[in-house]
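For reference, the chains in residue letters:
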Amino acid sequence: MTVMVSLLAQYRLIVSKLVGTAVVLIVLLWASVSIHEAFHQLVARSLGVEMRIEVWWGATGIAYFMSPSTEAQRVVIGFAGGVGTALVMGILWLVSALQARYSRWELDMAVSAFFVMMIQLVYAPFDGLSPHSTVWLPAIIAGAATTIVYGNRWLQWVVNGTNGPQRVDRNT
């Protein structure tokens, strides 16, 4: 009976960590769309180009050029969304990764921020092309990079509750 209770508790812990990671990832992906489009707008304004940004429920966005722009301006504006969002997510990843490494902080934020950062970095050169042809490649590459960096450690965290090396307080 105690073995069954122990297995049930382990199962509940694993499910809660998977759900927690999924929720954090969805929130970061949702926020990244608005951040991405805001960086397009910010750079366009700094270059003197008028743009109109539409974001639908945070799930997707599109930018319309309202004034004439050169090809160079369009390229810079196109890169700005992905690179700017990757910078924001990179800072979030760095803070959460350091926090996860040196404390009992959960690993879901670091993994999710790293994944979204990688998607934005890979997507930046393709921004402005047909969305159907460019949406899967960044996700696949980001998934592979996240698996290489966090795969084993994340699985250990989900299954065993360990988060890799922890700083030990020698006074206790």
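Scroll up to find the structure this text is about.
Residues numbered from 1 in each chain as written. Predicted model: local features only at pLDDT ≥ 70, side-chain atom pairs only at ≥ 80, totals over all residues. Heavy atoms only, no water.

Undergrad: Would you explain the overall build of the protein in this entry?
TA: Assigned secondary structure in the protein consists of five helices and two strands. Each helix and strand of the protein, ordered N terminal to C terminal, gives the series α-β-β-α-α-α-α. At a minimum sequence separation of 6, the contacts of the protein that also span at least 24 residues come to 67%. Just so you have it, the protein exposes about 10,800 Å², and 70% of that area is on carbon and sulfur atoms. (Helix = DSSP H or I, 4+ residues; strand = E, 2+ residues; numbered from the N terminus. Contact = heavy atoms within 4.5 Å. Areas by Shrake-Rupley, 256 points an atom, 1.4 Å probe, with all protein chains shown as cover.)

Undergrad: Would you take a moment to explain the nonpolar core for this structure?
TA: The nonpolar side chains of a soluble globular protein tend to be buried, and buried together. Leu107, Phe114, Met117, Met118, Tyr150 and Trp154 are the most contacted members of the largest nonpolar core, which has 21 residues in total. Elements that contribute at least two residues to this core include exactly helix H2 (71-102), helix H3 (108-123) and helix H5 (136-160). A total of nine residues in this core trace back to one element, the largest contributor, which is H3. (Core = buried A, V, L, I, M, F, W, Y, C linked by side-chain atoms within 4.5 Å. Buried < 20%, exposed > 50% of the residue type's maximum accessible area, 1.4 Å probe, protein only.)

Undergrad: Looking at this structure, how should I read the pattern of salt bridges?
TA: Oppositely charged side chains may form a pair once their charged atoms are brought near each other. Overall, the coordinates contain one salt bridge when judged by the stated rule. In this structure, glutamate 71 engages arginine 74 in a salt bridge whose closest nitrogen and oxygen atoms are separated by 3.0 Å. A residue pair is termed a helical-turn pair when its members lie 3 or 4 positions apart in one helix, as glutamate 71 and arginine 74 do in helix H2 at three residues. Exposure remark for glutamate 71: the relative accessible area of 53% places this residue in the exposed category. (Salt bridge = Lys/Arg side-chain N within 4 Å of Asp/Glu carboxyl O.)

Undergrad: Hey, could you run me through the side chain of serine 32 in this one?
TA: You can see serine 32 is positioned in helix H1 (residues 2-46). Serine 32 gets classed as buried once you look at its relative accessible area, which sits at 3%. Non-local contacts of serine 32, meaning those with residues more than four positions away in its chain, are made with Thr85, Met89, Val116 and Gln120.

Undergrad: Can you walk me through the packing of aromatic side chains in this structure?
TA: Given two aromatic rings, one states the distance between the centres and the angle between the planes to describe the pair. Counted by the stated rule, this structure contains two aromatic pairs. Residues tryptophan 93 and phenylalanine 114 carry aromatic rings whose centres are separated by 5.3 Å and whose planes lie at 55 degrees to one another, so their mutual orientation is tilted. A residue pair is termed long-range when its members are at least 10 positions apart, and tryptophan 93 in helix H2 and phenylalanine 114 in helix H3 qualify at 21 residues. Summarising the aromatic geometry, the rings of phenylalanine 114 and tyrosine 150 are spaced 5.9 Å apart at their centres and angled 70 degrees between planes, so their arrangement reads as edge-to-face. (Phe/Tyr/Trp six-rings, centres within 6.5 Å; stacked < 30°, edge-to-face > 60°.)

Undergrad: Is there a simple way to think about the layout of surface pockets in this case?
TA: Here the idea is plain: a probe the size of a water molecule rolls over the atoms and shows the empty space left. If you add up the space inside the second largest pocket, you get close to 160 Å³. Forming the boundary of the second largest pocket are Thr21, Leu25, Val111, Ser112, Phe115, Thr146, Thr147, Tyr150, Gly151 and Trp154. At the level of secondary structure, the elements contributing two or more residues to the lining of the second largest pocket comprise H1, H3 and H5. In terms of residue count, H5 provides more of the lining of the second largest pocket than any other element does, five residues in total. Looking at the lining of the second largest pocket, its residues break down into five nonpolar, five polar and no charged. (1 Å grid on protein atoms, 1.4 Å probe; cavity = no way out; pocket = protein on both sides within 12 Å on 5 of 7 lines; lining within 4 Å. Points joined across faces, edges and corners; volume = space filled by probe spheres on them. Nonpolar A, V, L, I, M, F, W, Y, C, P; charged D, E, K, R; others polar.)

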